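Here is how the chains run, residue by residue.
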Amino acid sequence: MKLFKINFVKITLVCLLVLVNFVMIAQPSWASKKYTSDPDYIEITKALESALQDKQTQGATPELQQKISNLQFQKYIIENSEESCGICRNETGKTLLVYGQKPKKSSSTYDNQLYLLPNGAETDDEWDCQGVYIPGQTATEGQEATPAQAFKIVHGTRLVATSNPQTGEIEFNLPPAKIFQSGEANWFIPDNLQAALDARVTPAKIND
């Protein structure tokens, strides 16, 4: 089985101008959606309100403005998506590890579970892909060690993972809702790929 060897993640950020057009012009595609009770939506809304207040009191630094833009985009996705689940597509040329809901009979204490997503496959639109696992890398000459991370997405996101043909780095078409390491969330984030495979990762449900 072929798996990723990733040095770091290069995220393709959404253009601020496009985001502003989405927020100011586009209308919700289905106003009856009950997204206001979504835990992610509640958290994003609170974080956005706090960031906007910081902007008023501290000024618009580039970092703060980027944070606001990303939060606005995540909020827009939940409000306007026609899907209630996150969808992940793998166009990297290698197998990807993604997060999804754990089985009802699972004894795991984590909030979700890791699954295999083959190259060229897309998770089923009724199976909620919650994010992507980024394995850690040991230190090499001229490069520091990097910890394993989880790239989280919100409900309604259509995430596409690709591989940079020149560097081999994994890239995404959208920014993450969050990126966190082991201990920062109740997600299973093993140190490396072998540790993930030792946990008996099973295939994700994919579209035929």
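Remember, it's a predicted structure, so these values are computed and weren't measured experimentally.

### What to know about the packing of aromatic side chains
One pass over the structure, following the stated rule, counts 5 aromatic pairs. Measuring from centroid to centroid gives 5.5 Å for Tyr110 and Phe188, while their planes differ by 45 degrees, and the two rings are tilted. Residue Tyr110 is found in the loop between strand E3 (96-100) and strand E4 (113-117), and its partner Phe188 is found in the loop between strand E9 (178-181) and helix H4 (193-198); the two are separated by 78 residues along the sequence. The exposure class of Phe188 is partly exposed, given its relative accessible area of 21%. Where Phe180 meets Trp187, the ring centres are 5.0 Å apart and the plane angle is 90 degrees; that geometry is what we call edge-to-face. For the pair shown, Phe180 and Trp187 are each scored as buried.

### Let's talk about the side chain of Thr123
Structurally, the position occupied by Thr123 is in the loop between E4 and strand E5 (129-134). The buried category is assigned to Thr123, whose relative accessible area is 0%. Among the polar contacts listed, one links the side chain of Thr123 to the backbone nitrogen of Cys88, at a separation of 2.9 Å. Not counting residues up to four positions away in its chain, the partners in contact with Thr123 are Gly86, Ile87, Cys88, Leu117, Cys129, Ala204, Lys205, Ile206 and Asn207.

### A few points about the sheet that holds strand E10 (residues 202-203)
Overall, mixed pairing links the 6 strands, which are arranged E9-E6-E5-E3-E4-E10 in an open sheet. Whereas interior strands pair on both sides, the edge strands pair on one side only; in this sheet they are E9 and E10.

### Focus on the packing of helix H2 (residues 39-58) against helix H3 (residues 62-80)
Look at H2 against H3: their axes get within 9 Å of each other, and the N-to-C directions meet at 150 degrees. Considered as vectors, H2 and H3 are oriented roughly antiparallel to each other. The hand of the H2/H3 crossing is left-handed. Taken together, the residues of H3 that come into contact with H2 (itself represented by Asp40, Tyr41, Ile44, Thr45, Ala47, Leu48, Ala51, Leu52, Asp54 and Lys55) are Leu64, Gln65, Ile68, Leu71, Gln72, Gln74, Lys75, Ile78 and Glu79. A class-by-class count of the residues in the contact of H2 with H3 yields 10 nonpolar, 4 polar and 5 charged.

Conventions we followed
- Residues numbered from 1 in each chain as written.
- Predicted model: local features only at pLDDT ≥ 70, side-chain atom pairs only at ≥ 80, totals over all residues.
- Heavy atoms only, no water.
- Phe/Tyr/Trp six-rings, centres within 6.5 Å; stacked < 30°, edge-to-face > 60°.
- Helix = DSSP H or I, 4+ residues; strand = E, 2+ residues; numbered from the N terminus.
- Buried < 20%, exposed > 50% of the residue type's maximum accessible area, 1.4 Å probe, protein only.
- Polar contact = N/O pair within 3.5 Å; in protein donor to acceptor, adjacent residues only side chain to side chain.
- Contact = heavy atoms within 4.5 Å.
- Pairing = 2+ DSSP bridges.
- Axes fitted to C-alpha atoms, helices over the stretch in contact; angles between N-to-C directions.
- Parallel < 35°, antiparallel > 145°, perpendicular 65-115°, else oblique.
- Left-handed = near helix turned anticlockwise from the far one by under 90°.
- Nonpolar A, V, L, I, M, F, W, Y, C, P; charged D, E, K, R; others polar.

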